[in-house]
Amino acid sequence: PSTEPAPTAEATPEAEPTAEAPTDADTDAADADTEPAPAAEAAPADAEATSDVGVRGGLASHLLGAYRAAGEVLRGEGLDGARARVYLVVDRSGSMRGYFKDGSVQRLAEQAVALAAHLDEDATVTTVFFSTDVDGVVDLTPADLTPTRVEEINAGLGRLGRTNYHRAVEEVLAHHEKHEKADEARPALVIFQTDGPPESRTAANQALAEAAGRPVHWRFTAWGEEDGKGFDYLRKLTADRTATHFAGPTPVETPHEEFYRGILTGLTL
């Protein structure tokens, strides 16, 4: 009979499964009384943000704010659950130097990738850097978009040049046409950043005219003083599926929600 306590003693370790189950969420319960609340709040927020990303590999902390803001604006615009291939076009003309230095372009790339995490299963943003010609095409994803990624890419693309919109438009159309064959129903959303007018308005108009009728939506984000004469072209732009968001002279300071409202308002996917 005295041997029976031993099984009882063996049964007590079965409390281990109970300890095992909470391990992930139980840091709060097992730690100090002050820690549970923050831990419980942070976990759902991060979990909610990354659970939607699924196979996309989750989001780094520097992308979460933009991801949540994008989700809110998408819901407000009735675009929750919409799907689109996301492109980012970045101006590398000489006047862009300061915007690369102050982190504006990095922030824009993060906003584009965070938006793609809602719109595209792979959360991949095909990014076209252009100036006089196409300087480079890079796929950005949540996994590789570190806080210094844009700076590294820009450093390897050579000298800044002129502002030939049409070359960037042609590159996006060629890329989308190639992928359209695999997924005909998937439209494209192009965030086209620039801080000035096209070198050739005629060439820009022709390139955008060729895009007419295609499921490609162009959302220009103009950096600089909105009333500047250089933005006359974008103010008067009436090409099919185009719209312009004026981000002002300090886009690095633009709140995420404001940026997404500027890009997504009135968009139909």
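You'll find the structure just up there.
Given the structure is predicted, the values throughout are model-derived calculations rather than measurements.

Caption draft 1: Spatial organisation of the overall build of the protein chain. Per the secondary structure count, the protein chain includes 12 helices and six strands. Going through the 269 residues of the protein chain one by one, you find that 45% of them count as buried. About 13,300 Å² of surface is accessible on the protein chain, with carbon and sulfur atoms providing 50% of the total.

Caption draft 2: Structural view of the pairing of strand β5 (residues 216-223). When you tally the buried positions in β5, you get eight out of eight residues, the bulk of the element. The side-chain alternation of β5 yields two buried faces, one formed by Val 216, Trp 218, Phe 220 and Ala 222 and the other by His 217, Arg 219, Thr 221 and Trp 223. In terms of strand pairing, strand β4 (residues 188-194) meets β5 through seven bridges, oriented parallel. Residue pairing in the sheet places Gln 193 in a bridge with Thr 221 of β5. The parallel pair β4 and β5, bridged by helix α10 (residues 201-211), forms a crossover whose chirality is right-handed. With six bridges joining them, β5 and strand β6 (residues 242-248) adopt parallel strand pairing.

Caption draft 3: Quick look at the environment of Tyr 87. Structurally, the position occupied by Tyr 87 is in strand β1 (residues 85-91). In the structure, Tyr 87 is positioned 102 residues away from Leu 189 in sequence and 6.1 Å away in space, judged by C-alpha atoms. In this structure Tyr 87 touches Val 125, Thr 126, Val 172, His 175, His 176, Ala 188, Leu 189, Val 190 and Ile 191, once residues within four positions along its chain are discounted. At 3.3 Å, the side chain of Tyr 87 forms a polar contact with the backbone nitrogen of His 176.

Caption draft 4: Here's a closer look at the nonpolar core. The biggest cluster of nonpolar side chains holds 46 residues, and the ones touching the most others in it are Leu 88, Val 105, Leu 115, Leu 119, Ile 191, Tyr 260 and Leu 264. It is helix α7 (residues 104-119) that provides the largest number of residues to this core, a total of 10 residues. If sequence neighbours within four positions are ignored, Leu 115 has contacts with Ala 70, Leu 74, Leu 189, Ile 191, Tyr 260 and Leu 264. With 24 residues, the next largest nonpolar core counts Tyr 165, Ala 188, Ala 204 and Ala 222 among its residues.

Caption draft 5: Molecular detail of the packing of helix α5 (residues 61-76) against helix α12 (residues 256-264). Contact geometry for α5 and α12: axes closest at 9 Å, N-to-C directions at 45 degrees. As the angle between them shows, α5 and α12 are arranged oblique. By crossing handedness, the relation of α5 to α12 is classed as right-handed. Judged by residue contacts, Gly 65, Ala 66, Ala 69, Ala 70, Val 73 and Leu 74 of α5 engage His 256, Glu 257, Tyr 260, Arg 261 and Leu 264 from α12. Its residues assigned to classes, the contact of α5 with α12 comprises seven nonpolar, two polar and two charged.

Caption draft 6: Broad picture of the sheet that holds strand β2 (residues 125-130). Read across the open sheet, the six strands follow the order β3-β2-β1-β4-β5-β6; overall the sheet is mixed. The two strands at the open ends of the sheet, each matched to only one other strand, are β3 (134-140) and β6. Mean inter-strand twist for the sheet, computed between neighbouring axes without regard to direction, equals 20 degrees. Taken strand by strand, helix α9 (residues 165-180) contacts β1, β2, β3, β4 and β5, and its axis lies near 160 degrees from that of β1. Contacts from α12 reach β4, β5 and β6 within the one sheet, and its direction differs from that of β6 by about 155 degrees.

Cut-offs applied
- Residues numbered from 1 in each chain as written.
- Predicted model: local features only at pLDDT ≥ 70, side-chain atom pairs only at ≥ 80, totals over all residues.
- Heavy atoms only, no water.
- Helix = DSSP H or I, 4+ residues; strand = E, 2+ residues; numbered from the N terminus.
- Buried < 20%, exposed > 50% of the residue type's maximum accessible area, 1.4 Å probe, protein only.
- Areas by Shrake-Rupley, 256 points an atom, 1.4 Å probe, with all protein chains shown as cover.
- Pairing = 2+ DSSP bridges.
- Right-handed = clockwise from strand over helix to strand, strands pointing away.
- Contact = heavy atoms within 4.5 Å.
- Polar contact = N/O pair within 3.5 Å; in protein donor to acceptor, adjacent residues only side chain to side chain.
- Core = buried A, V, L, I, M, F, W, Y, C linked by side-chain atoms within 4.5 Å.
- Axes fitted to C-alpha atoms, helices over the stretch in contact; angles between N-to-C directions.
- Parallel < 35°, antiparallel > 145°, perpendicular 65-115°, else oblique.
- Left-handed = near helix turned anticlockwise from the far one by under 90°.
- Nonpolar A, V, L, I, M, F, W, Y, C, P; charged D, E, K, R; others polar.

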